[in-house]
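# An overview of the molecular structure
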Amino acid sequence: MLKVRLIPCLDVKDGRVVKGVNFTHLVDAGDPVEQARVYDLAGADELTFLDITASSDNRATLYDAVRRTAEQVFMPLTVGGGVRTVEDIRTLLLAGADKASINTAAVARPEFVAEAAERFGSQCIVVAIDAKSVAPGRWEVFTHGGRTGTGYDAIDWAARMAHAGAGEILLTSMDRDGTKAGFDLALTRKVADAVPVPVIASGGVGTLDHLAEGVTEGHASAVLAASIFHFGIFTIAEAKARMAAAGIPVRDALREARSGEEAA
Amino acid sequence: METVAIVDCGSGNLKSAAKAFERAAAEAVRGFTVTVTADPEIVRRADRVALPGQGAFAAVLAGVAAVPGMREALEEVAIERARPFFGICVGMQLMATRGLEHGEHIGFGWIPGEVIPLTPSDAALKVPHMGWNDLEIDRPDHPVMRGVKSGDHAYFVHSYRFICANAADAVAHADYGGPVVAVIGRDNLIGTQFHPEKSQAVGLALISAFLDWRP
């Protein structure tokens, strides 16, 4: 049976992690490779880097971080932020990323998603959607961190992007992001039920029950969180235990790693 | 020193596959040189070959065809010389007789079978089949499976699946609204539908066993 994925997200700026694990034992907590290793050992199912580098001049620092991470961590890595061209995606994949996440560029030029999927395959194209409630039961797609409205209905947009070739939708509620009040479950469920591809719920996780609700009530295939893991409030294992208790199928990576060592 | 050629036909992310093979090679008792290459001469003479593939069946096939002499080099090393060959994802699917993704395409024909769309019996199951699924080992005696057991998880990303004409060629399967072949094996050929290079300890165990394999 396919397991529900738990995905920690790291904010990376100029090749350095600015929002990540706040563990004192790390030699260099700003090094994406060290952070990735922590999550690898902890049994995370995938990892996402969100590049928030302001200047495109510093893009090389991101590629270097991805390259060094891929050399040491053998788990799926998605990179988003500033992905605007087919060449950007190619550079990320060659550096070692498995998926590229497209956000603003998809809104600016929707054909870009189809072009990217045709070139690299849907499996590595994620479309990130930032949605904000504009009326009861209605959500609009926003860009630029929730400042710019697009006029697109979030559910229609998700369906359109899946049709264009997105292999996955990363759905963030701008109303909930950073609030710790939990996912926007109504939004998540509407989108997840409307598209044939997996939906990753994001934005608002403050407790472990929130993660479970994203799946049981929001129908998400995967859940993404940042701060609850980075600050050591909860571990990946605790999150998975709570999800399992809610009847959600999860992977116990730690048990497998242990039994693998015994076999070796 | 044995040579391992990771075939580069312009498809997908070779970096992680190469790094995973390098890691497994570094931990092996015997010495290995892992090379990512688009040179048919290197592939032809390699002791072991891996063919990673991502994207559409026809696109990966076209990538192989676009390198003059590559198709022949693969045939020589994997079939005539019978060196251990590892196909990953679409690289595994190419071993089929034919693929039915966006039209009908003739595969390598090394392992009789077809590659057909994934249609889970449960309509709630999404396509692509993306994420960690547990393996059910059908041939636990296969040497490449020595470090992997039923219940272990591997990372899948695919929308098409391999149907083996001979049941004995299916080494392991996963369940996704019905059985989905996860590992195929015949003689010196092995292939995984999932990505061992993304499957953490389970994937590395499989690659290590492949490097030790003497079919």
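Remember, predicted model here, so these are calculated numbers, not experimental data.

## Quick notes on the overall build of chain A
Helix and strand counts for chain A stand at 11 helices and 11 strands. For chain A, the C-alpha radius of gyration of 17 Å lies close to 18 Å, the compact-globule estimate for 264 residues. The dimensions of chain A, computed from C-alpha atoms along their principal axes, are 55 × 45 × 30 Å. A burial count over chain A gives 58% of its 264 residues as buried. About 10,400 Å² of surface is accessible on chain A, with carbon and sulfur atoms providing 51% of the total. Positive and negative side-chain charges in chain A, numbering 27 and 35 respectively, have mean positions lying 1 Å apart.

## Let's talk about the packing of helix H2 (residues 59-72) of chain A against helix H1 (residues 14-27) of chain B
Describing two packed helices takes the angle between their axes plus the distance from one axis to the other. Running from N to C, H2 of chain A and H1 of chain B point in directions that differ by 40°, and their axes come no closer than 8 Å. Of the possible angle classes, the one that applies to H2 of chain A and H1 of chain B is oblique. Of the two elements, H2 of chain A crosses H1 of chain B, and the hand of that crossing is right-handed. Contact residues: H2 of chain A offers Arg67, Ala70, Glu71 and Gln72 of chain A, while H1 of chain B offers Lys15, Lys19 and Arg23 of chain B. Here the residues of the contact of H2 of chain A with H1 of chain B are counted per class, giving one nonpolar, one polar and five charged.

## Details of the packing of aromatic side chains
One pass over the full model with this rule turns up nine aromatic pairs over all chains. Both rings, one in Phe21 of chain B and one in Phe210 of chain B, keep their centres 6.3 Å apart while their planes meet at 85°; by these two values the pair is edge-to-face. In this pair, Phe21 of chain B is assigned in helix H1 and Phe210 of chain B in helix H6 (residues 200-212), connecting sequence segments 189 residues apart. Just as Phe21 of chain B is buried, Phe210 of chain B falls in that class too. Here Trp132 of chain B and Tyr155 of chain B contribute two aromatic rings whose centre-to-centre distance is 5.6 Å and whose plane-to-plane angle is 70°, an arrangement assigned as edge-to-face. In this pair, Trp132 of chain B sits in strand S8 (residues 129-134) while Tyr155 of chain B sits in strand S10 (residues 153-158), placing the two residues 23 residues apart along the sequence. Side by side, Trp132 of chain B and Tyr155 of chain B carry an identical accessibility label, which is buried. Three or more aromatic residues joined by ring pairs form one cluster here, namely Phe21, Phe86, Phe210 and Trp213 of chain B. Taking NZ or CZ as reference, Lys132 of chain A lies 4.6 Å from the ring centre of Phe142 of chain A, over its face.

## What about the interface of chain A and chain B?
Facing 40 residues of chain A, the contacting portion of chain B comprises 32 residues. Contact with chain B buries area across many residues of chain A, yet Leu2, Phe74 and Gln123 of chain A alone supply 27% of it, more than any other trio. Where chain A meets chain B, there are three salt bridges. The shortest N-O distance in the salt bridge between Glu71 of chain A and Lys15 of chain B comes to 3.6 Å. Across the contact surface, chain A and chain B share 20 residue pairs in polar contact (both at pLDDT 80 or more). The leading source of residues in the side of chain A that touches chain B is helix H11 (residues 253-263) of chain A, at five residues. Among the residues forming the side of chain A that touches chain B, the class breakdown is 20 nonpolar, seven polar and 13 charged.

## Thoughts on helix H3 (residues 57-65) of chain B
Residues and elements named next belong to chain B. Listed in full, the buried residues belonging to H3 are Phe57, Val60, Leu61, Gly63 and Val64. Seen from one end, H3 has its buried residues packed into an arc of 155°, which puts them on one side. Those residues of H3 that are buried lie in contact with strand S3 (48-53), helix H4 (70-80), helix H5 (90-93), strand S5 (98-99), strand S6 (105-106) and strand S7 (113-117).

## Quick look at the nonpolar core
Counting 74 residues, the largest nonpolar core has Ile89, Ile102, Leu211 and Met243 of chain A as the members making the most contacts within it. Of the residues forming this core, the biggest block, six residues, is contributed by helix H6 (residues 154-164) of chain A. What Ile89 of chain A contacts, discounting residues up to four positions off in sequence, is Val83, Ala100, Ile102, Phe112, Ala116, Phe120 and Ile125 of chain A. Among the nonpolar cores identified, the runner-up in size contains 69 residues, and Ala25, Val49, Val171 and Trp213 of chain B belong to it.

Thresholds, definitions, all that
- Residues numbered from 1 in each chain as written.
- Chains lettered and ligands numbered in written order.
- Predicted model: local features only at pLDDT ≥ 70, side-chain atom pairs only at ≥ 80, totals over all residues.
- Heavy atoms only, no water.
- Helix = DSSP H or I, 4+ residues; strand = E, 2+ residues; numbered from the N terminus.
- Rg over C-alpha atoms; globule rule 2.2 N^0.38 Å.
- Buried < 20%, exposed > 50% of the residue type's maximum accessible area, 1.4 Å probe, protein only.
- Areas by Shrake-Rupley, 256 points an atom, 1.4 Å probe, with all protein chains shown as cover.
- Lys, Arg positive; Asp, Glu negative; His and termini not counted.
- Charge placed at Lys NZ, Arg CZ, Asp CG, Glu CD.
- Axes fitted to C-alpha atoms, helices over the stretch in contact; angles between N-to-C directions.
- Parallel < 35°, antiparallel > 145°, perpendicular 65-115°, else oblique.
- Left-handed = near helix turned anticlockwise from the far one by under 90°.
- Contact = heavy atoms within 4.5 Å.
- Nonpolar A, V, L, I, M, F, W, Y, C, P; charged D, E, K, R; others polar.
- Phe/Tyr/Trp six-rings, centres within 6.5 Å; stacked < 30°, edge-to-face > 60°.
- Lys NZ or Arg CZ within 6 Å of the ring centre and 35° of its normal.
- Buried area = accessible area lost by both parts, 1.4 Å probe.
- Salt bridge = Lys/Arg side-chain N within 4 Å of Asp/Glu carboxyl O.
- Polar contact = N/O pair within 3.5 Å; in protein donor to acceptor, adjacent residues only side chain to side chain.
- Arc of directions from axis to C-beta.
- Core = buried A, V, L, I, M, F, W, Y, C linked by side-chain atoms within 4.5 Å.

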